[in-house]
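Results of the structural survey
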Amino acid sequence: MKAAVYRKTPAGKVLDLQDVEQPVPKKNDVLLRVSAASVNPLDWRLKGARPGVDVAGQVIGVGGAVTQFKNGDVVFGACKGAFAEYACAAEANLSQKPESVSFEHAAALPVAGLTALQGLRDKGHLHAGQKVLINGAAGGVGTFAVQIAKALGADVTGVCSTKNIELVRSLGADRVIDYTTEDFTETSERYDLLLDNVGNRTLIAMRHVLRPRGKCVMAGAPKKLWAVFTRVLKAFAWSLFSRKKFKFFIAKINRTDLTTLCELIAAGKLTPVIDRRCPLAETAGALAYVEEGHARAKVVITVP
């Protein structure tokens, strides 16, 4: 089968399409014929041998302990090595794909959608009437976060570039800040919750825009690993001695929350936004495009 694989070269790791053996599902795994996958920052940050987490496809094999799925089921969720013709996923990391949701839209959901949902609901404890600011509102997580925050009844301000203002506004944002002309950390507005999907502002600057008991949930991070660790340590230390709390987190894949995302779609409260679709053979280019940091929403890999 064909799969996108990182290989070592004198100049560093290079991603290209290679012939590899088709994976065999373990007892709790499901084997999928992949129809679509989507790109996340972890795919280019970690550069594991077989990148790709978000996946949507059809079940063609199950492990001996699998009880929730059977051959022929159409599912979506998270796996390892999604940029391939076939991939294995843990049963617990998958959910049935609704008929009304395309493979491409389903593949766009898992990591970004769950990050937005869990960041706002579980880490930020957002509820109706509160004010939330979403930094990176036009990105993969941000486009989901704007919609989910509105579904939770919040007053939403999105931060994005000039070209994405209308997109963010169309997703339901009450106000949009163009970061090319205005720094959100220097405004007089104060927020109950700041969801930071970018990691391009200092903690001191972000603390400035929080209300006295406000929270900053950090779903994005700087590109340098040392900067990430420094940021996390500072956030932990400051939260110990301040009513303003900083929380860094990574989404947890689970079927219950994948189902919640589907319910929001069915209710007309959530629509995945896709920037571009790339065939499997162009996976390397798709990852490079996302790494540049200017993708609108999600980039999807299609598998014929």
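In this text, all values refer to a predicted model and were calculated from it rather than measured experimentally.

Cut-off values and rules
- Residues numbered from 1 in each chain as written.
- Predicted model: local features only at pLDDT ≥ 70, side-chain atom pairs only at ≥ 80, totals over all residues.
- Heavy atoms only, no water.
- Core = buried A, V, L, I, M, F, W, Y, C linked by side-chain atoms within 4.5 Å.
- Buried < 20%, exposed > 50% of the residue type's maximum accessible area, 1.4 Å probe, protein only.
- Helix = DSSP H or I, 4+ residues; strand = E, 2+ residues; numbered from the N terminus.
- Contact = heavy atoms within 4.5 Å.
- Pairing = 2+ DSSP bridges.
- Phe/Tyr/Trp six-rings, centres within 6.5 Å; stacked < 30°, edge-to-face > 60°.
- Lys NZ or Arg CZ within 6 Å of the ring centre and 35° of its normal.
- Salt bridge = Lys/Arg side-chain N within 4 Å of Asp/Glu carboxyl O.
- Axes fitted to C-alpha atoms, helices over the stretch in contact; angles between N-to-C directions.
- Parallel < 35°, antiparallel > 145°, perpendicular 65-115°, else oblique.
- Nonpolar A, V, L, I, M, F, W, Y, C, P; charged D, E, K, R; others polar.

**With respect to the nonpolar core**
Ranked by size, the top nonpolar core spans 48 residues in total, and within it Leu120, Val132, Ile134 and Ile148 carry the most contacts. Per-element tally for this core: the top contributor is helix α4 (residues 140-151), with six residues. Not counting residues up to four positions away in its chain, the partners in contact with isoleucine 134 are Gly142, Ala145, Val146, Ala149, Val156, Thr157, Gly158, Val159, Leu195 and Asn197.

**Regarding the pairing of strand β4 (residues 54-62)**
Examined bridge by bridge, strand β3 (residues 29-38) and β4 share eight bridges and lie antiparallel to one another. By the bridge assignment, leucine 32 is partnered in β4 with valine 59. With five bridges joining them, β4 and strand β5 (residues 74-78) adopt antiparallel strand pairing. Its bridge partner lying in β5, alanine 56 is registered against phenylalanine 76.

**A look at the packing of aromatic side chains**
All told, the structure shown has zero aromatic pairs when counted by the stated rule. We note lysine 97 situated over the ring of phenylalanine 103; from NZ or CZ to the ring centre the distance is 4.9 Å. Across the ring face of tyrosine 191, the terminal group of lysine 131 is positioned such that the distance to the ring centre comes to 5.4 Å.

**Points about unusual backbone geometry**
Its identity is not glycine, yet histidine 125 carries a phi of approximately 50°, on the positive side. The residue histidine 125 is located in the loop between α3 (110-123) and β8 (131-135) in this model. If you check the backbone angles, alanine 297 has positive phi at about 60° while not being a glycine. Relative to the helices and strands, alanine 297 resides in the loop between α9 (283-291) and β15 (298-302).

**A look at the pattern of salt bridges**
Scanning all chains against the criterion turns up 14 salt bridges. Note that aspartate 19 and lysine 2 form a salt bridge whose closest N and O atoms lie 3.0 Å from each other. Highlighted residues: aspartate 19 in strand β2 (residues 12-19) and lysine 2 in strand β1 (residues 2-9), separated in sequence by 17 residues. Ionic pairing is found between aspartate 155 and arginine 175, a salt bridge with its closest N-O pair at 2.2 Å. One end of the pair, aspartate 155, is in strand β9 (residues 155-160); the other, arginine 175, is in strand β10 (residues 175-178), and 20 residues separate them in sequence. In this structure aspartate 155 comes out as partly exposed when scored by relative accessible area, which is 24%. For arginine 175, a relative accessible area of 35% corresponds to the partly exposed category. Shared partners join several salt bridges into a network, and the residues in it are Arg121, Asp122 and Asp257.

**Remarks on the packing of α3 against helix α8 (residues 255-266)**
It is at 10 Å that the axes of α3 and α8 come closest, and there the two elements cross at 95°. When the axes of α3 and α8 are compared, the pair comes out roughly perpendicular. Facing Pro110, Gly113, Leu114, Leu117, Gln118, Arg121 and Asp122 of α3, the residues of α8 in contact are Asp257, Leu258, Thr260 and Leu261. Tallied by class, residues from the contact of α3 with α8 come to five nonpolar, three polar and three charged.

**Re the side chain of glutamine 147**
Assignment of secondary structure puts glutamine 147 in helix α4. Classification of glutamine 147 as buried rests on a relative accessible area of 7%. Beyond its immediate stretch of four places on either side in the chain, glutamine 147 contacts Leu171, Lys269, Leu270 and Thr271.

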